[in-house]
Amino acid sequence: MFQLLSILFGCVMDAASNSVWIESALGAIKAFAFVCDIITYPVYLLLQRPWQKRQMSRRVKAKPVNIDGKSITFRSVQGPQTVHSKMLANGIDTMEKMLLYVVEQFKKKRCLGTREILAEEDEIQPNGRVFKKYVLGEYKWKTYEEVNMLASHFGKGLRELGHQPKQNIVIFAETRAEWMVAAHGCFKQNIPVVTIYATLGEDAIAHGINETEVNIVITTYDLLPKFKNILKDTPKVQTLIYMEDQLKKPDLDGFKKGTEIITFSSVIEKGKTSKISENSSPTKNDTAIIMYTSGSTGVPKGVILTHQNMTATMGSFSDSVQIGEDNEDVFLGFLPLAHVFELLAESVCLLCGVSIGYSTPLTMIDSSSKIKRGTKGDASVLHPTCLTAVPLILDRIYKGVYDKVSKGSPFQKALFEFAFNYKKKWLKRGFSTPFVDRVIFSKTKQLMGGRLRLILTGGAPLSPDTHELIKICLCDTVIQGYGLTETCSCATVMDLHDRSNGRAGNPATVCDIRLIDWDEGNYRVSDKPFPRGEICIGGKNISPGYYKNAEKTKEDFFEDDGKRWFRTGDIGECHADGVFKIIDRKKDLVKLQAGEYVSLGKVESELKTCPVVENICVYGDSNKDYTVALVVPNPAQLQDLATKLGRDQNISFEKLCEDPAMEQSVLQQLQIHGKKCKLEKFEVPAAVKLCTEVWSPDMGLVTAAFKLKRKDIQERYQKDINRMYGVS
């Protein structure tokens, strides 16, 4: 049957240049699919048991455990599963104990993998420009036993340098195997690790270093030059340890006198010959991490995370995802390890014996910007089965798919739409669609190596449209979670059997979720059909507080019912099956002149999936009856709109963004898309400003996790906001 289907597709593709043939060919495909459905339905019904899948998806996953007039507290109905139960039975409550435990289980198994860089060569582009590209080899692996040995040596090497237990140390580095080795070396010696995003500006980096009073910073070859400027503002830093580049040696001229600069490998060598016989083991209440959040307001805050916070989250995550069970899972690591979500996801991989291969956005797929033509990207070599992603990345994939489809032939567009809707229909009924997957969606799945079966996403709400497209085109299982740095990334996680889109999941097994009335925003637990309110999270995963910031700690954290709780500022609703949806945020709510409330974050989340939008910030003035938007447009989509308006193709991107007619055209696209997303008329911006700058953490307009810094954006574009509101 598969061969017959392939022949049919080949025939219709040959005939698809004629519009009449397109309709006829598509009709033939639909008829063929209908016949196949009738013939194969009884077989698939018995093999796939869709009724069981639907039943598992609809089952209740959390129940109220405490109700009063102003709040409801929910708890998962699931208890600790196999891996979590073993952690509890073996008393694993520190990161040191966790690594020792998994090394005993997976000694010789592949643990951390780094791809070999063979050379960096010039590549001439079609336009004559020359770019540096990598020629890459295979992945080189360290076993669990080797990683544990390297971590032990590194930790002892730090002690040989004079670093003491409970004395803070900074890791300021991109995601790579050495990052994890360094962190676990510190954990073994009870040295708190201060994590700072590699994308933060120099002032924020200096703030984190100075506040934690560190004298050793662990960084990388690529980031080392940043410290030529930073060191003058960080007087206590005496030593820089850098992770080496595979090809290049650093230029050490121009650094502050008296600063010792040594290689990562030399610290390991010091540890090998160290006379320190035992580790300075931490307790569960000792600080493991001080993680600097790139907050959307003010200077970064250092969130204290204990060993118990981390092991509790790891146990909970292992209850929610089934990885490592067949010993063939491979995780693709590329998000910042300085982000709590990636750090805990990779820690769960270690806990479950899953191999982690490291990558970067510049080398991930065959078409990535640093991959030499003819060389395979990391995913094509690693063939990962699971990875983490933030909604921003998945939104870009969403737009990339539709951009490619829109540029295809009329038949290709019609075929994709049919296949997409066909699979969507059968997925909702509980069936998988192997033929359509193999014929239509196999190419998109090959982009990530062809084996991807699980994507974990968090950091911000995921648009239902994006969630659905990724499940259909790229990976069948997309699990959305919700958490914050202050909760060690743990709060809610989607159940593996939950077939819905756009929801954040049920309470994790180590914490309770409480909804509390927020009268100002008209969100109450008495709301129908679902209770709504501010989300508070309580459990063993909750941080002790902010580093050297008792006032903010007292404001955001509290004790109740024998638990530590955190006030998130997010607004959620709990559905009948115990699953939560994030619907608003206190700081994002604006009341317009006519009394309507607009959730800026919700509107942005929907409009970000509009093809012409690369990024967007919606602004609302309480003295006006409409919102406005600052839009970073997608250059290719903007050029397509310009062509339709008859603009010269040689006009620069900057000039197009200044054109009032282009602003109106983009505004029309937003209004059409907003209507499609079922936004209210008053929620859709009534005016736009097209911004030529790509908002990045270095500019200070977005956080390192690419969340909008509204106040900074407003200050930068205040004149444009005034113009859109007609204010002189």
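Everything quoted here is computed from the prediction, not taken from an experiment.

A. Spatial organisation of the overall build of the chain. Looking only at helices and strands, the chain features 24 helices and 29 strands. For 728 residues, the compact-globule estimate of 2.2 N^0.38 gives 27 Å, and the chain sits close to it at 26 Å. Reported as C-alpha extents along the three principal axes, the dimensions of the chain are approximately 80 × 65 × 60 Å. Within the chain, buried positions represent 55% of all 728 residues. Taking all contacts inside the chain whose residues are at least 6 apart in sequence as the whole, residues at least 24 apart take part in 67%. If the 96 positive side-chain charges of the chain are averaged to one point and the 87 negative ones to another, these points end up 3 Å apart.

B. A look at the sheet that holds strand β17 (residues 492–493). Here we have nine strands laid out as an open sheet, ordered β4-β3-β13-β12-β14-β15-β16-β17-β18, and mixed in their pairing. Each of the sheet's edge strands pairs with one partner strand only, and the pair in question is β4 (130–143) and β18 (506–507). Most of the contacts of helix α6 (residues 144–160) go to β4, to which it runs at about 100 degrees, and overall it touches β3 (110–124) and β4.

C. Spatial organisation of helix α17 (residues 464–473). With eight of 10 residues buried, α17 is to be regarded as a mostly interior element. Against the buried residues of α17 lie α14 (391–406), α15 (410–428), α16 (434–446), β15 (454–457) and β16 (477–482).

D. Structural detail: the packing of aromatic side chains. Evaluated as defined, the whole model comprises 19 aromatic pairs. Ring plane angle 85 degrees and centroid distance 5.7 Å describe the contact between Phe 172 and Phe 227, whose orientation is recorded as edge-to-face. With Phe 172 in the loop between β5 (169–171) and α7 (177–188) and Phe 227 in helix α9 (residues 227–230), the pair connects residues that are 55 residues apart, well separated along the chain. A relative accessible area of 1% places Phe 172 in the buried class. Here the aromatic cluster, defined as three or more aromatic residues joined through ring pairs, consists of Tyr 41, Phe 418, Tyr 422, Trp 426 and Phe 431. Against the face of Phe 106 rests Lys 109, its NZ or CZ located 5.7 Å from the ring centre. Here the basic side chain of Lys 370 rests over the ring of Tyr 134, its NZ or CZ set 4.5 Å away from the ring centre.

E. Fine view of the state of the cysteines. Counted under the stated rule, the structure contains zero disulfides. With no disulfide partner, Cys 610 has as its closest neighbouring cysteine sulfur the one in Cys 677, 8.4 Å distant. Residue classification places Cys 610 among the buried residues on the basis of a relative accessible area of 2%.

F. Quick look at the environment of Ala 594. Within the secondary structure layout, Ala 594 lies in the loop between β25 (589–591) and β26 (597–599). Here Ala 594 falls in the exposed class, since its relative accessible area comes to 57%. C-alpha separation for the pair Ala 594 and Lys 624, spaced 30 residues apart in sequence, amounts to 8.0 Å.

G. Quick look at a nonpolar patch on the surface. A grouping of Phe 34, Val 35, Ile 38 and Ile 39 is seen on the molecular surface, where their side chains present a nonpolar patch of about 410 Å² in accessible area. Within the secondary structure, Phe 34 is located in helix α2 (residues 19–48). Look at Phe 34 and you get exposed, because its relative accessible area is 54%.

H. Spatial organisation of the sheet that holds strand β27 (residues 613–620). Taken in spatial order, the three strands line up as β27-β28-β29 in an open sheet, and their pairing is mixed. The sheet is open, and its two edges are formed by β27 and β29 (688–690), each paired on a single side. Direction aside, the axes of adjacent strands within the sheet are offset by 20 degrees on average. In this structure, strand β28 (residues 627–633) lies alongside β29, joined through three bridges in parallel fashion. The partner of Val 631 across the bridge, within β29, is Leu 690.

I. Structural context of the pattern of salt bridges. One pass over the structure, following the stated rule, counts 42 salt bridges. Between Glu 213 and Lys 548 there is a salt bridge, and its shortest N-O distance comes to 2.7 Å. With Glu 213 in the loop between α8 (202–211) and β7 (216–220) and Lys 548 in the loop between β21 (545–546) and α18 (550–556), this residue pair connects regions lying 335 residues apart in the sequence. Taking the relative accessible area as the measure of exposure, Glu 213 reaches 39% and is therefore partly exposed. Beyond isolated ion pairs, a larger network of salt bridges with shared partners links Lys 61, Asp 498, Arg 503 and Asp 577.

J. Representation of the confidence of the model for the chain within the structure. Put simply, the chain has an average pLDDT of 89, and 96% of its residues get 70 or more. The spread of mean pLDDT over the elements of the chain runs between helix α1 (residues 2–15), the lowest at 39, and α7, the highest at 98. The model gives residues 1–17 a pLDDT under 50, and that stretch makes 25 contacts with residues more than four places away or in other chains.

K. Summary view of the side chain of Asn 309. Considering the arrangement of structural elements, one finds Asn 309 in helix α11 (residues 307–320). Overall, Asn 309 belongs to the buried group, its relative accessible area being 2%. For Asn 309, the side chain forms a polar contact with the main-chain oxygen of Lys 540, separated by 2.8 Å. A polar contact of 3.1 Å, which involves the side chain of Asn 309, links it to the backbone oxygen of Ile 542.

L. Representation of unusual backbone geometry within the structure. Across the junction of Lys 528 and Pro 529, the peptide omega takes the value 5 degrees, indicating a cis bond. Within the secondary structure layout, Pro 529 lies in the loop between β19 (511–516) and β20 (532–539). Of note in the backbone geometry, Arg 49 takes a positive phi value of approximately 45 degrees without being a glycine. When you line up the elements, Arg 49 lands in the loop between α2 and α3 (50–58).

M. A look at the packing of α7 against helix α12 (residues 340–351). Contact geometry of α7 with α12 gives a least axis separation of 12 Å together with a crossing angle of 80 degrees. In terms of axis orientation, α7 runs roughly perpendicular to α12. For the pair formed by α7 and α12, the contact residues are Trp 179, Met 180 and His 184 on the first element and Leu 343, Glu 346, Ser 347 and Leu 350 on the second. Per-class residue counts for the contact of α7 with α12 are four nonpolar, two polar and one charged.

N. Structural view of the pairing of strand β11 (residues 301–306). Burial analysis of β11 places five of its six residues in the buried class, which makes it a mostly covered element. Sheet topology places strand β10 (residues 287–293) next to β11; six bridges connect them, and they run antiparallel. Bridge pairing in β11 links Ile 290 to Ile 304. Looking at chain direction, β11 and β21 are connected through two bridges and run antiparallel. Of the residues in β21, the one forming a bridge with Ile 304 is Gly 545.

Basis of the calculations
Counting restarts for each chain, with residues numbered from 1 along the sequence as it is written. Where local features are concerned, this predicted model is filtered to residues with pLDDT of at least 70; where side-chain atom pairs are given and counted, the filter is 80 or more; whole-chain, interface and lining totals use all residues. Processing note: side-chain calculations cover all non-hydrogen atoms of the structure and skip hydrogens and water entirely. Helix numbering and strand numbering both begin at the N terminus, where a helix is a DSSP run of H or I of at least 4 residues and a strand a DSSP run of E of at least 2. Atoms counted for the radius of gyration: C-alpha only. Globule rule: 2.2 Å times the number of residues to the power 0.38. The buried label goes to any residue with under 20% of its type's maximum accessible area, the exposed label to any with over 50%, and the partly exposed label to all in between, with areas taken from a 1.4 Å probe on protein chains only. Throughout, a contact is declared for two residues whenever any of their heavy atoms are within 4.5 Å. Only four residue types enter the tally: Lys and Arg on the positive side, Asp and Glu on the negative side; His and the chain ends are excluded. Charged side chains are reduced to one point each, which is NZ for Lys, CZ for Arg, CG for Asp and CD for Glu. Pairing between strands is defined by DSSP: at least two bridges between the two strands are required. The axes are straight lines fitted to the C-alpha atoms, using for helices just the contacting stretch, and the angles between their N-to-C directions are given from 0 to 180°. Classification of ring pairs rests on two measures: the distance between centres of Phe, Tyr or Trp rings, Trp counted by its six-membered ring, which must be within 6.5 Å, and the angle between planes, read as stacked under 30 degrees, edge-to-face over 60 and tilted in between. Counted as over-ring charges are cases with an Arg CZ or a Lys NZ within 6 Å of the ring centre that also lie within 35 degrees of the ring normal. By convention in this document, the label disulfide applies to cysteine sulfur atom pairs within 2.5 Å. Patch membership needs two things, relative accessible area over 30% and no salt bridge, and members are linked within 9 Å if like-charged or within 5 Å if nonpolar (Val, Leu, Ile, Met, Phe, Trp, Tyr). Only the protein chains shown count as covering a residue, and every accessible area follows the Shrake-Rupley method with a 1.4 Å probe. In what follows, salt bridge is the name for a side-chain nitrogen of Lys or Arg lying within 4 Å of a carboxyl oxygen of Asp or Glu. pLDDT: the predictor's confidence for each residue, scored from 0 to 100. In protein, a polar contact means a hydrogen-donor-capable atom and an acceptor-capable atom, both N or O and within 3.5 Å, with residues adjacent in sequence counting only if both atoms are side-chain atoms; elsewhere, any N or O pair within 3.5 Å suffices. Here is the rule for angles: anything less than 35 degrees is roughly parallel, anything more than 145 is roughly antiparallel, 65 through 115 is roughly perpendicular, and the remaining ranges are oblique. In this classification, the charged set is Asp, Glu, Lys and Arg, the nonpolar set is Ala, Val, Leu, Ile, Met, Phe, Trp, Tyr, Cys and Pro, and all remaining amino acids, among them Gly, are polar.

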